[in-house]
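# Summary of structural features
Here are the chains, one letter per residue:
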Amino acid sequence: MESTKTLKQYCKEAKKRLKNGFWQNYETELKKELEKAEDNGINANKIKEYYVAKVFNNINKEENEDEAFYKKVKSILDTEGEISNAIGRLTDKEYYETLSYEEKQRYTLSLSERYLKAKERYVREKELLIN
């Protein structure tokens, strides 16, 4: 089973979006695009569908990134088991080279925490499949 956000976490995120004016900006941007679509003879429903998908992807972007990271970790653990250089393999080398020394340290610690969480999830899922 995967860990999911609690209702309280979802509420905090929604409140943050409201405070930051996310939905007002969304409405303004959508109206502008709908006007442009009407002027260019483009179907307004297609514009609305695009913006709904865009908002949904932005809200869930962090979850998607975590899921992609988990898939990388799962692949490593499935093929090679626990390895000593897992953090090195998961590091984005190009991004890492652009960081200062302190940022590199923070990035590595963050990556390590994410790896441990993903590994715990992997172990839990394997236990559920075996039993």
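Every residue gets a number counted from 1 within its own chain, in the order that chain's sequence is written. The predicted nature of this model means local features are confined to residues of pLDDT at least 70 and side-chain atom pairs, given and counted, to a pLDDT of 80 or more, with totals for whole chains, interfaces and linings taken over all residues. Note that water and hydrogens are dropped before the side-chain values are worked out from all heavy atoms of the structure.

### Observations concerning the overall build of the protein
What counts, and what does not: Where helices and strands are cited, they refer to DSSP runs of H or I of at least four residues and of E of at least two residues respectively, numbered from the N terminus. Working definition: with a 1.4 Å probe on protein chains only, accessible area under 20% of the residue-type maximum means buried, over 50% means exposed, and in between means partly exposed. Contacts are assigned to residue pairs with any non-hydrogen atoms lying within 4.5 Å of each other. Residue burial considers only the protein chains on display, and all accessible areas are found by Shrake-Rupley using a 1.4 Å probe.
Scanning the protein from N- to C-terminus turns up seven helices and zero strands. Mapped from its N terminus to its C terminus, the protein presents α and β elements in the order α-α-α-α-α-α-α. Every one of the 131 residues in the protein was classed for burial, and the buried ones make up 20%. Considering only residue pairs separated by 6 or more positions, the protein has 56% of its internal contacts joining residues 24 or more positions apart. Of the roughly 10500 Å² of accessible surface on the protein, 52% is carried by carbon and sulfur atoms.

### Some words on the environment of E33
With respect to the helices and strands, E33 occurs in helix 2 (residues 22-40). Remark: the alpha-carbon pair of E33 and A44, spanning 11 residues in sequence, is separated by 8.7 Å. Contact partners of E33, with chain neighbours within four places excluded, come to I47 and Y51.

### Points about helix 1 (residues 7-19)
Here is the rule: To estimate the expected span of a helix, subtract one from its residue number and multiply by 1.5 Å.
Its 13 residues give helix 1 an end-to-end C-alpha distance of 18 Å, which sits within 8% of 18 Å, the value for a rise of 1.5 Å per residue. Within helix 1, only one of the 13 residues are buried, leaving the element largely exposed. Phi turns positive one or two residues past the end of helix 1, at G21, with a value near 75°.

### Structural notes on the side chain of T91
Applied cut-off: Think of a polar contact as two N or O atoms within 3.5 Å of one another; within protein, one of them needs to be a possible hydrogen donor and the other a possible acceptor, and neighboring residues in sequence only count if both atoms come from side chains.
Within the secondary structure layout, T91 lies in the loop between helix 5 (86-90) and helix 6 (93-97). A relative accessible area of 15% places T91 in the buried class. Side-chain polar atoms of T91 contact the backbone oxygen of I87, separated by 2.6 Å.

### Re the packing of aromatic side chains
This is how it is decided: Note on ring pairs: Phe, Tyr and Trp rings are taken, using the six-membered ring of Trp, and paired if centres are within 6.5 Å. Classes follow the plane angle, with under 30 degrees stacked, over 60 edge-to-face and the rest tilted.
As enumerated under the stated definition, the model contains four aromatic pairs in all. Where F22 meets W23, the ring centres are 4.8 Å apart and the plane angle is 85°; that geometry is what we call edge-to-face. Of the residues examined, F22 reaches a relative accessible area of 24% and is grouped as partly exposed. With 6.1 Å between their ring centres and 50° between their planes, Y96 and Y107 make a pair best called tilted.

### Details of the nonpolar core
Counted only if it meets this: Working definition of a nonpolar core: buried Ala, Val, Leu, Ile, Met, Phe, Trp, Tyr and Cys residues. They are joined through side-chain atoms within 4.5 Å.
In terms of nonpolar packing, the biggest core is built from 13 residues, with F69, V73, L77, L90, L111, Y115 and A118 touching the most fellow members. Going through the elements one at a time, helix 4 (61-80), helix 5 and helix 7 (101-130) are the ones with two or more residues in this core. Non-local contacts of L90, meaning those with residues more than four positions away in its chain, are made with F69, K72, V73, I76, Y107, L111 and Y115.

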